[in-house]
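Secondary and tertiary structure notes
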Amino acid sequence: MTTGTQIVYVVDDDPGMLESTVWLLESVGLDARPFTNGGDFLEACVSGANACVLLDVRMPTLGGLHVQQAMKDRGLDYPIIFVSGHADVPIVVRAFKAGAVDFIEKPYNEQLLLDSVQQALNSERKEDKQATGRQQVDEKLDTLTPRERDVLLPLVKGYTNREIAAQLDVSVKTVDLYRSRVMKRMGAERLPDLVGMAVAAGLVDPLRLRVP
């Protein structure tokens, strides 16, 4: 049974970032609970709350992706928003594949973070929303030209613009142009957004990613 209080667990090993994030969340009336490591968070986290988790990816001892798996193993089915300065494509794909609801890069935009948290806390009928999301992504994909798809696929697999240009035998400037078009047509402001859409549409196989 969920309680009325909206809780945000904040897990980050950077004390300055942790403090500023907690202050931001408390300024809008949320119950922010800070942790400097994944182990302490897992010990304190209980099921049944109206809560979500802001989780850093790279932390000593227990990284964010391992915390995410430990939550699944313990039946802690809370929405997870990753906040990290290390948003390389393979990590983003693994996070979304394991059920993360968002991936926000540091330094983050405060309003973007608050919007993501509120969406996570207020999400209902998760499966229906996911199905609707997949349908919307498919509809956006249908608007892409063949050449835009040629750019999209290696882009969400982690290739750089220069590498994509070499693959397609075009200039880097041309890839830049197509990349901008793809982002606009897909409604993606950031690369992690685009990766999340590709995962939802089944375009990306995390086992066949290019790891830098």
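Remember, predicted model here, so these are calculated numbers, not experimental data.

**A few points about the packing of helix 7 (residues 146-156) against helix 9 (residues 172-186)**
- Packing of helix 7 against helix 9 brings their axes to within 9 Å, and their N-to-C directions diverge by 90°. As judged from the angle between their axes, helix 7 and helix 9 are roughly perpendicular. Contacts between helix 7 and helix 9 involve R147, E148, V151, L152 and L155 from the first element and V175, Y178, R179, R181, V182 and R185 from the second.

**Points about the sheet that holds strand 3 (residues 50-55)**
- Read across the open sheet, the five strands follow the order 2-1-3-4-5; overall the sheet is parallel. Among the strands making up the open sheet, the edge pair consists of strand 2 (31-35) and strand 5 (102-105). The mean angle between the axes of side-by-side strands here comes to 20°, regardless of whether they run parallel or antiparallel.
- Helix 4 (residues 89-97) rests against strand 4 (80-84) and strand 5 of the sheet, and its axis sits at about 150° to strand 5.
- Each of strand 1 (6-11), strand 3, strand 4 and strand 5 is contacted by helix 5 (residues 110-122), which is oriented at about 140° to strand 3, the strand it contacts most.

**Considerations on the pattern of salt bridges**
- Throughout the structure, instances matching the rule amount to seven salt bridges.
- Where R185 meets E148, a salt bridge forms, and the shortest distance between an N and an O atom there is 3.0 Å. With R185 in helix 9 and E148 in helix 7, the pair connects residues that are 37 residues apart, well separated along the chain.
- On the basis of relative accessibility, which here comes to 40%, the residue R185 falls in the partly exposed class.
- For E148, a relative accessible area of 0% gives the class buried.
- In this structure, R190 engages D193 in a salt bridge whose closest nitrogen and oxygen atoms are separated by 2.4 Å.

**What about the nonpolar core?**
- Within the largest apolar cluster, 51 residues are counted, with the highest numbers of intra-cluster contacts made by Y9, F41, V53, M71, F82 and L194.
- Ranked by residue count, the leading element in this core is helix 4, at six residues.
- Residues within four places of F41 in sequence aside, it is in contact with Y9, V11, F35, V53, V67 and M71.
- Among the nonpolar cores identified, the runner-up in size contains 20 residues, and V10, M17, V22 and L54 belong to it.

**Description of helix 1 (residues 15-27)**
- Here helix 1 spans 18 Å end to end across 13 residues, near enough to the 18 Å set by a 1.5 Å rise per residue.
- Looking at the buried residues of helix 1, the elements they touch are strand 1, strand 2, strand 3 and helix 5.
- Sitting at the amino-terminal end of helix 1 is D14, which places a side-chain oxygen 3.0 Å from the backbone nitrogen of G16.
- Immediately downstream of helix 1, the backbone of G29 shows phi near 85°, a positive value.

**Description of the UniProt feature "modified residue: 4-aspartylphosphate" (unreviewed entry) in the chain**
- If you check UniProt for "modified residue: 4-aspartylphosphate" (unreviewed entry), the listed places come out as D56 in our numbering.
- Along the chain, the position of D56 falls in the loop between strand 3 and helix 3 (64-73).
- D56 gets classed as buried once you look at its relative accessible area, which sits at 5%.
- Leave out the neighbours within four places in its chain, and D56 touches V11, D12, D13, G64, F82, V83, S84 and K106.

**Quick look at the side chain of T21**
- Take T21: it is sitting in helix 1.
- By relative accessible area, T21 is classed as buried at 6%.
- Within the structure, the side chain of T21 is placed 2.9 Å from the side chain of Y108, a separation counted as a polar contact.
- Setting aside anything within four residues of it in sequence, one finds T21 in contact with V10, L54, Y108 and L113.

Conventions used here
- Residues numbered from 1 in each chain as written.
- Predicted model: local features only at pLDDT ≥ 70, side-chain atom pairs only at ≥ 80, totals over all residues.
- Heavy atoms only, no water.
- Axes fitted to C-alpha atoms, helices over the stretch in contact; angles between N-to-C directions.
- Helix = DSSP H or I, 4+ residues; strand = E, 2+ residues; numbered from the N terminus.
- Parallel < 35°, antiparallel > 145°, perpendicular 65-115°, else oblique.
- Contact = heavy atoms within 4.5 Å.
- Pairing = 2+ DSSP bridges.
- Salt bridge = Lys/Arg side-chain N within 4 Å of Asp/Glu carboxyl O.
- Buried < 20%, exposed > 50% of the residue type's maximum accessible area, 1.4 Å probe, protein only.
- Core = buried A, V, L, I, M, F, W, Y, C linked by side-chain atoms within 4.5 Å.
- Expected span 1.5 Å × (residues − 1).
- Polar contact = N/O pair within 3.5 Å; in protein donor to acceptor, adjacent residues only side chain to side chain.
- UniProt positions renumbered as here; feature names shortened; annotations may be inferred.

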